[in-house]
Amino acid sequence: MGSTMRAAVFYGGGQELRVENLPIPEIANSEILVKVAACGVCHTDLHYIDHGVPTFKKPPLILGHEASGFVVRVGNGVKKFREGDKVLIPAVFTCGSCRNCRAGRENICDEMQMLGNNIDGAYAEYVKVPAKDCSHLPDEIPVDAASIIADAVSTPYHAVKNRAQVKPGDYVVVFGCGGVGINVVQIASAVGASVLAIDIVDYKLDFSKKMGAVATLNTSGMVEKEIIRAIRNTFGMLPDIAFEAIGNPKTIELAYNCLRPGGRLVQIGYTHENVSINAGRLMYREIEIMGSLGCRPVDYPPLIEMVRTGKIKIEPLITHRFKLEEINRAFDTLRKGETLRSIIVFD
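The present account deals with the structure reproduced in this document. (Residues numbered from 1 in each chain as written. Predicted model: local features only at pLDDT ≥ 70, side-chain atom pairs only at ≥ 80, totals over all residues. Heavy atoms only, no water.)

## A few points about the side chain of Lys204
Next, step 1: Structurally, the position occupied by Lys204 is in helix α5 (residues 202–210).
Next, step 2: Summary of buried charges: Lys204 has no salt-bridge partner, and the nearest side chain of opposite charge, Asp199, is 4.8 Å away.
Next, step 3: Beyond its immediate sequence surroundings of up to four residues, Lys204 is in contact with Cys177, Gly178, Ile182, Asp199, Gly337, Thr339 and Leu340. (Helix = DSSP H or I, 4+ residues; strand = E, 2+ residues; numbered from the N terminus. Buried < 20%, exposed > 50% of the residue type's maximum accessible area, 1.4 Å probe, protein only. Lys, Arg positive; Asp, Glu negative; His and termini not counted. Salt bridge = Lys/Arg side-chain N within 4 Å of Asp/Glu carboxyl O. Contact = heavy atoms within 4.5 Å.)

As structure tokens, then:
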């Protein structure tokens, strides 16, 4: 291991990432240095690059928050890892002592540090991270494919298990079947729900069927009343739970309006725009609306075990692999909607 590494650096909105040589980070006592095997290409990064969403750490900054790799250096205070261990790096690190952390809601920690946002991320050959929230990876899971567990799989897992509390037999509709939505389909199906997958891209809907959806609906050219009628016809009733995994105000309103009395909307997609919700419907039908952000550290071990045993599949989700030098092409592929999940892979 030399003294420098290659990394893709973000200098500001509207600019391509620049691949540069930078010093390999020095770790503190509570940190590990990880040789990155792969890092997922996520819409969150596109929000920084294309949509002017600010990062907490001002540029220049290394993006990338969905990573796995091998431990190559261990801080003096770290007991749970040793050099050579395969490791999954979570997207968000927690303080462990704030009110939310102590209440078991570490994913909304008051002092959260997001990889590739608050601290330098993993579009780099090496990344230093706090060891506390990282997880061991079993040999049965390919280390490069494992990277998408960190966000594209863990975020839907938290949304389905902890926020929506999906039960066997629930009628569930998922709006948006990209990298996150497809895993809402997969995980909700795995716990026994009947899932209707909705998108405007046929290949994503075809893939949703393979991942457990009982039905699909392409809503291109349809108006809201037609869509709600089609949802009702699919289940014979309106759904118990709707997930919105796009971040489009119109789709959020549609997801809200399609629910049965007592239904639940779980919002995963991000938007900075306001959404119009009928308050009378909210009150009279006792509709629940809840956000869902990331995943708690405690949920990673059972999630990893579900991947290890094949109950949750990850390798079919990875449609493209790019080298670090191709990272801007990877984002072009994401912009065009031509991928479910792309990963940046390192030698």
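Resuming the write-up.
## Some thoughts on the sheet that holds strand β1 (residues 4–10)
Next, step 1: With antiparallel pairing, the three strands of this open sheet are ordered in space as β2-β1-β4. The sheet terminates laterally at β2 (18–23) and β4 (61–62), the two strands that pair on one side only.
Next, step 2: Relative to β2, β1 runs antiparallel, the two sharing six bridges. By the bridge assignment, Ala7 is partnered in β2 with Glu20. (Pairing = 2+ DSSP bridges.)

## Let's talk about the pairing of strand β16 (residues 288–291)
Next, step 1: Sheet topology places strand β15 (residues 264–267) next to β16; four bridges connect them, and they run parallel. If you follow Leu265 over to β16, its bridge partner there is Ile289.
Next, step 2: Note that the unit made of β15, helix α8 (residues 279–284) and β16 has a crossover that is right-handed. (Right-handed = clockwise from strand over helix to strand, strands pointing away.)

## A closer look at the nonpolar core
Next, step 1: In terms of nonpolar packing, the biggest core is built from 51 residues, with Ile148, Val166, Val172, Phe243, Val266 and Ile314 touching the most fellow members.
Next, step 2: Of all elements in the fold, only β3 (31–41), α3 (154–163), β11 (171–175), α4 (181–190), β12 (194–199), α5, β14 (241–244) and α9 (300–308) reach the threshold of two or more residues within this core.
Next, step 3: In contact with Ile148, other than residues within four places in its own chain, are Glu66, Val153, Ile314, Leu317, Ile318, Arg341 and Ile343.
Next, step 4: Membership of the second largest hydrophobic core comes to 46 residues, among which are Met5, Phe93, Cys134 and Ile344. (Core = buried A, V, L, I, M, F, W, Y, C linked by side-chain atoms within 4.5 Å.)

## Quick look at α3
Next, step 1: For α3, the tally of buried residues reaches eight of 10 residues, placing the bulk of the element in the interior.
Next, step 2: Every buried residue of α3 is accounted for by Ser154, Thr155, Pro156, Tyr157, His158, Ala159, Val160 and Asn162.
Next, step 3: Contacts made by the buried residues of α3 are with α4, β14, β15 and α9.
Next, step 4: Backbone geometry just downstream of α3 places Gln165 in the positive-phi region, at approximately 50 degrees.

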